[in-house]
Amino acid sequence: MPSTSWMIEITPTSLAWIPLDLPSEVRVIVSSLPHPALDSLLSRGEGVRKRELKELSQEDGRAIIGRFNDRYKKTLDEAQLKALLSKTQSGNPLYLSVALEELRTLGDYDEITGRINDLPGEVELLFRWILKERLSKEPGFRDGEGKLIGEGLVKRFLSYLAASRYGLSQAELFDLVGPGDPQGNVSALQRLLRPYLMMRGELLDFYHEQLREVAEAEYLAGGDGPPVHQELASYFKRATLDRILDECPYQLFRSKDWLALASLMSNLNFFAYAWQKKRRYEWMSYWKELRGAGYDPNV
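Starting from 1, residues in each chain are numbered consecutively following that chain's sequence as written. This being a predicted model, a pLDDT of at least 70 is required before a residue's local features are given, and a value of 80 or more before pairs of side-chain atoms are given or counted; all residues contribute to the totals for chains, interfaces and linings. The basis for every side-chain value is the complete set of non-hydrogen atoms in the structure, without hydrogens or water.

Undergrad: Would you mind going over the overall build of the chain with me for this structure?
TA: Working definition: helices are DSSP H or I runs of at least four residues, strands are E runs of at least two. Numbering for both runs from the N terminus. Looking only at helices and strands, the chain has 15 helices and two strands in total. C-alpha extents for the chain along the principal axes are approximately 70 × 65 × 30 Å. Each residue's exposure class comes from its accessible area (1.4 Å probe, protein chains only) as a fraction of the maximum for that residue type: buried when under 20%, exposed when over 50%, partly exposed otherwise. Looking at the 299 residues of the chain, the share that counts as buried comes to 41%. Between two residues, a contact is recorded if the distance between any of their heavy atoms is within 4.5 Å. Within the chain, contacts between residues at least 6 apart in sequence are counted, and of these 63% link residues at least 24 apart.

Undergrad: I'm lost on the environment of Phe-157 in this one. Help?
TA: Looking at the secondary structure, you find Phe-157 in helix H7 (residues 150–163). Measuring from C-alpha to C-alpha, the distance between Phe-157 and Leu-220 comes to 12 Å, with 63 residues separating the pair along the chain. Every residue in contact with Phe-157, bar those within four places of it in the chain, is listed here: Leu-173, Val-177, Val-186, Leu-189, Gln-190, Leu-193, Leu-197 and Leu-204.

Undergrad: Please clarify how helix H10 (residues 209–219) should be interpreted in this entry.
TA: In an α-helix, one turn spans 3.6 residues; hence positions three or four apart end up facing the same way. Every buried residue of H10 is listed here: Leu-211, Arg-212, Val-214, Ala-215 and Tyr-219. One side of H10 carries all its buried residues, which in axial view fall inside an arc of 165°. The inward-facing, buried residues of H10 contact helix H6 (123–135), H7 and strand E2 (203–206). Taking the helix axis as origin, the arc is that swept by the directions to the C-beta atoms.

Undergrad: Looking at this structure, I do not really get the pairing of strand E1 (residues 197–200). What am I missing?
TA: Successive residues of a regular strand alternate their side chains across the two faces of the sheet. Examined bridge by bridge, E1 and E2 share four bridges and lie antiparallel to one another. Among the inter-strand pairings, Arg-200 is bridged to a residue of E2, identified as Leu-203. For two strands to be treated as a pair, DSSP must find at least two bridges joining them. Where E1 hands over to E2, the hairpin turn is made up of two residues, of which Gly-201 adopts a positive phi near 65°.

Undergrad: For this particular structure, what's the right way to read the packing of H6 against H10?
TA: Relative placement of two packed helices is described by the angle separating their axes and the distance separating the axes. Fitted lines through C-alpha atoms serve as axes, helices being fitted only where they are in contact, and the angles separating the N-to-C directions of these axes extend from 0 to 180 degrees. Between H6 and H10, the shortest axis-to-axis distance is 9 Å and the interhelical angle comes to 60°. Classified by the interaxial angle, the pair formed by H6 and H10 is oblique. Between H6 and H10 lies a crossing of right-handed hand. Contacts from Val-123, Glu-124, Phe-127, Arg-128, Leu-131 and Lys-132 in H6 reach Gln-210, Leu-211, Val-214, Ala-217, Glu-218 and Tyr-219 in H10. Note on residue categories: nonpolar means Ala, Val, Leu, Ile, Met, Phe, Trp, Tyr, Cys or Pro, charged means Asp, Glu, Lys or Arg, and polar means any other residue, Gly included. Looking at side-chain class alone, the contact of H6 with H10 contains seven nonpolar, one polar and four charged residues. Roughly parallel refers to an angle under 35 degrees, roughly antiparallel to one over 145, roughly perpendicular to one between 65 and 115, and oblique to any angle outside these ranges. For a crossing to be left-handed, the near helix must be turned anticlockwise from the far one by less than a right angle; the clockwise case is right-handed.

Undergrad: In this structure, what is going on with the environment of Lys-147? I would like to understand it.
TA: Relative to the assigned elements, Lys-147 resides in the loop between H6 and H7. If we ignore the near neighbours within four places in the chain, the residues touching Lys-147 are Phe-141 and Arg-142. Identification of polar contacts relies on pairs of N or O atoms within 3.5 Å, with a donor-acceptor requirement for protein atoms, meaning one able to donate a hydrogen and the other able to accept it, and with residues adjacent in sequence counted only if both atoms are side-chain atoms. Only 3.5 Å separates the side chain of Lys-147 from the side chain of Glu-145, close enough to count as a polar contact.

Undergrad: Explain unusual backbone geometry here, please?
TA: For residues besides glycine, phi is generally negative; the peptide bonds are generally trans as well. Although it is not a glycine, Asp-181 sits at a positive phi angle of roughly 45°. Position of Asp-181 relative to the elements: it lies in the loop between helix H8 (170–177) and helix H9 (185–193). Within the chain, Lys-278 stands out as a residue other than glycine whose phi angle is a positive 60°. Along the chain, Lys-278 turns up in the loop between helix H14 (268–276) and helix H15 (280–292).

Undergrad: Help me understand a nonpolar patch on the surface, please; the structure alone is not making it clear to me.
TA: The grouping of Trp-17, Leu-22, Val-26, Val-28 and Val-30 at the surface amounts to a nonpolar patch, some 440 Å² of accessible area in total. Structurally, Val-28 is set in the segment before helix H1 (36–42). Take Val-28: its relative accessible area is 38%, and that puts it in the partly exposed class. Exposure above 30% relative accessible area and the absence of a salt bridge qualify a residue for a patch, where like charges join within 9 Å and nonpolar side chains (Val, Leu, Ile, Met, Phe, Trp, Tyr) within 5 Å. Note on areas: Shrake-Rupley with a 1.4 Å probe; residue coverage comes only from the protein chains shown. The term salt bridge refers to a side-chain nitrogen of Lys or Arg lying within 4 Å of a carboxyl oxygen of Asp or Glu.

Undergrad: Please explain helix H2 (residues 58–71) as it appears in this structure.
TA: One fewer than the residue count of a helix, multiplied by 1.5 Å, yields its expected span. When the terminal C-alpha atoms of H2 are compared, their 20 Å separation across 14 residues agrees well with the 20 Å that a helix rising 1.5 Å per residue should span. With its phi angle positive at about 55°, Lys-73 sits one or two positions after the end of H2.

Any functional reading would require information beyond the geometric quantities listed.
Given below as structure tokens:
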């Protein structure tokens, strides 16, 4: 496995925090799709047990829909229930929860029926539909002159969030996506995305890895990624030391700006701060990449 893959995606080494030997009264429960990290965990031996979960039954699906709708004082009639449960991945709990989030704000019967019919039947396609069809075409997203800006707004918001290493604070998102947010568009988009995002301390990040993957494919693939990483690197150069350490080397690495990364690595004050924060292995990994690219912070 490439030495720097841990900086880009979840890998088997991501599970190193789980002790090899747990006390007899302790259990760690992990849910996962097929993934190398899961294979790594299973390779630990007899202490790890695997149970493959089957798709939800129709009865389970109806129970989930009922409890969700009870929480929000909503109902679906039998025809709507059957239409929703006929979707290709309705046996996937994530699909059902996302589909129900998309339906719960609607009040008109015909509107709900139409939305159920419009919803794609698979998780990935459903997330793509939310971003490209519902949010990008949201009529409430307008600039000061009244022009529709949903497509660009959604792209900027999701691009920066997907390109960040650990997530972004609300203040950082406002600065990057819409400084000052005079029309309230960034705030409104964040509210609409709230069911699919989570807070990691003060940082906003994706709640579902599948949504991250869709955002990366839509907004960071095909050459769009490096410019976004360059923008983030430039932005975080003016941040606090902790945020510079979190994001700046990573963004320079992702944008392949080796000269700027070498300059940052050669800053003795920054080097000392990284060591103080116990980031030495991360630092050495960047150093190795620099040497591979022909730059040496020692020179």
